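Single-letter residue listing:
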Amino acid sequence: MPRLTGPRLTGVGVGPGDPELVTVKGVGALRDAGVVVVPVMEDGGTGRAEATVLHYVDAGKVVRVVFALNERSDRARREAAWDAAGARVAELLGTHGSVAFATIGDPNVYSTFGYLAQTVSESVPGVVVETVPGVTAMQDLAARSGAVLTEGTEPLTLVPVTAGIAVLRRALEGPGTVVAYKFGRQAAEVAAVLRETGRTEGAVWGSSLGLPGESIRTAAGVAPSGGESGEGERLPYLSTLIAPARRDGRGGKL
């Protein structure tokens, strides 16, 4: 099949933090692009995606673009940030012809890339949008902790805790494995729901996977309240929880 021509925007998943988890195809996409865009907060600090990208491309090829990554309450501010980012990427496409956007995890799983792609598609005629899949945090945590995500006929439910504790509770009350993202600020509430639904056993928490500050513990090992600070434990915002399905033995869910 012939390769499409025209300006090209590629969302590249660079994994959860460990640079060795970027795929061969992902590295190729980063190196082939005219410029690599990385999302940053307004404070301009080096983000996880940028730190990973710099293992594979020169810093001079990397362009930081500000996103309101954690903005949920101020819709106008969030959309203004998306519009500004889209305009900047459209400008880069006009200059370089091809832009790779590096995103932690996978570009099709809770990624900023979807908003960017939609914005750019509306403003750049003929732009070709592609994605290169990346390793997700739940896959990395499963590998590092030994947790098995699914067996046989088990479903797998992925919940962003930003959707509310009630959503997580409903998932935990159902069958199969439950994975929770973005819950660090609500660790105490998540721990309580795990206990109340009888899903603490076998559950694991992980944060900063593949990075110097990596932390992987059993859910029972995280103080839900009255920690060292006396106010309960606060985990990094981008923390991951795996609560495996209840299993009776080998092959029990086939």
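Remember, it's a predicted structure, so these values are computed and weren't measured experimentally.

Caption draft 1: Layout of the pattern of salt bridges. For the structure shown, the criterion picks out 9 salt bridges. Close ionic contact of E130 with R8 constitutes a salt bridge, the shortest N to O distance being 2.8 Å. Here R8 lies in strand β1 (residues 8-13) and E130 lies in strand β5 (residues 128-132), a separation of 122 residues in the sequence. On the basis of relative accessible area, R8 is assigned to the buried category, the value being 9%. The partner of E154 in a salt bridge is R247, with the nearest N and O atoms 2.9 Å apart. One end of the pair, E154, is in the loop between α5 (137-145) and β6 (156-160); the other, R247, is in the segment after β10 (239-243), and 93 residues separate them in sequence.

Caption draft 2: Up close: the pairing of β10. Where burial is concerned, most of β10 is hidden: 5 out of the 5 residues are buried. Of the two faces of β10, the one holding S239, L241 and A243 and the one holding T240 and I242 are both buried throughout. In this structure, strand β7 (residues 177-181) lies alongside β10, joined through 4 bridges in antiparallel fashion. By the bridge assignment, V178 is partnered in β10 with A243.

Caption draft 3: Just the packing of helix α3 (residues 75-96) against helix α4 (residues 113-123), in detail. Running from N to C, α3 and α4 point in directions that differ by 60°, and their axes come no closer than 9 Å. Classified by the interaxial angle, the pair formed by α3 and α4 is oblique. Where α3 crosses over α4, the two elements pack in a sense that is right-handed. Facing W82, D83, A85, G86, V89, A90 and L93 of α3, the residues of α4 in contact are Y115, L116, T119, V120 and S123.

Caption draft 4: Spotlight on the packing of aromatic side chains. With the rule as written, the count across this model stands at 5 aromatic pairs. Each ring, one from F67 and one from F101, has its centre 5.6 Å from the other, and the planes form 65°; the classification is edge-to-face. On the criterion of sequence distance, the pair formed by F67 in the loop between β3 (62-66) and α3 and F101 in strand β4 (residues 98-103) is long-range, its members being 34 residues apart. Of the aromatic side chains, those joined through ring pairs into one cluster are F67, F101 and F113.

Caption draft 5: Structural detail: the packing of helix α6 (residues 165-173) against helix α7 (residues 187-196). The interhelical angle for the contact between α6 and α7, taken along N-to-C directions, is 30°, at an axis separation of 10 Å. One finds that α6 runs roughly parallel with respect to α7. Where α6 crosses over α7, the handedness of that crossing is right-handed. Facing α6, whose interface residues are I165, L168, R169 and L172, α7 presents E189, V190, V193, L194 and E196. Classifying every residue of the contact of α6 with α7 by side-chain character gives 6 nonpolar, no polar and 3 charged.

Caption draft 6: Seen up close, the nonpolar core. By size, the foremost hydrophobic cluster in this structure holds 20 residues, and its most contacted members are L168, F183, V190, L194 and W205. Mapped by element, the contributors of at least two residues to this core are α6, β7, α7 and β10. At 5 residues, α7 tops the list of elements feeding residues into this core. Apart from residues no more than four positions distant in its own chain, F183 is found in contact with V161, V190, W205, L235, Y237, S239, T240 and L241. Core analysis: the second largest hydrophobic core is formed by 19 residues, V65, A117, V124 and V127 among them.

Caption draft 7: Quick peek at the confidence of the model for the chain. Looking at the chain as a whole, the pLDDT averages 88, with 88% of positions reaching at least 70. Segment residues 225-231: pLDDT under 50, and 4 contacts once partners within four positions in sequence are set aside and those in other chains are kept.

Caption draft 8: Structural detail: the sheet that holds β7. As summarised here, the arrangement of the 5 strands in space is β6-β7-β10-β8-β9, forming an open sheet in which the pairing is mixed. If you trace the sheet from one side to the other, it starts and ends with β6 and β9 (215-218), each paired once. Between one strand and the next, the sheet's axes are offset by a mean angle of 15°, whatever the strand orientation. Note that strand β8 (residues 204-207) and β9 share 4 bridges and pair antiparallel. Bridge pairing in β9 places V204 opposite T218. On the sheet, α5 packs against β6, β7, β8, β9 and β10 and is oriented at approximately 65° with respect to β10. Across the sheet, α7 lies against β8 and β10, angled at about 160° from β8, the strand it touches most.

Parameters and conventions
- Residues numbered from 1 in each chain as written.
- Predicted model: local features only at pLDDT ≥ 70, side-chain atom pairs only at ≥ 80, totals over all residues.
- Heavy atoms only, no water.
- Salt bridge = Lys/Arg side-chain N within 4 Å of Asp/Glu carboxyl O.
- Helix = DSSP H or I, 4+ residues; strand = E, 2+ residues; numbered from the N terminus.
- Buried < 20%, exposed > 50% of the residue type's maximum accessible area, 1.4 Å probe, protein only.
- Pairing = 2+ DSSP bridges.
- Axes fitted to C-alpha atoms, helices over the stretch in contact; angles between N-to-C directions.
- Parallel < 35°, antiparallel > 145°, perpendicular 65-115°, else oblique.
- Left-handed = near helix turned anticlockwise from the far one by under 90°.
- Contact = heavy atoms within 4.5 Å.
- Phe/Tyr/Trp six-rings, centres within 6.5 Å; stacked < 30°, edge-to-face > 60°.
- Nonpolar A, V, L, I, M, F, W, Y, C, P; charged D, E, K, R; others polar.
- Core = buried A, V, L, I, M, F, W, Y, C linked by side-chain atoms within 4.5 Å.
- pLDDT = per-residue confidence, 0-100.

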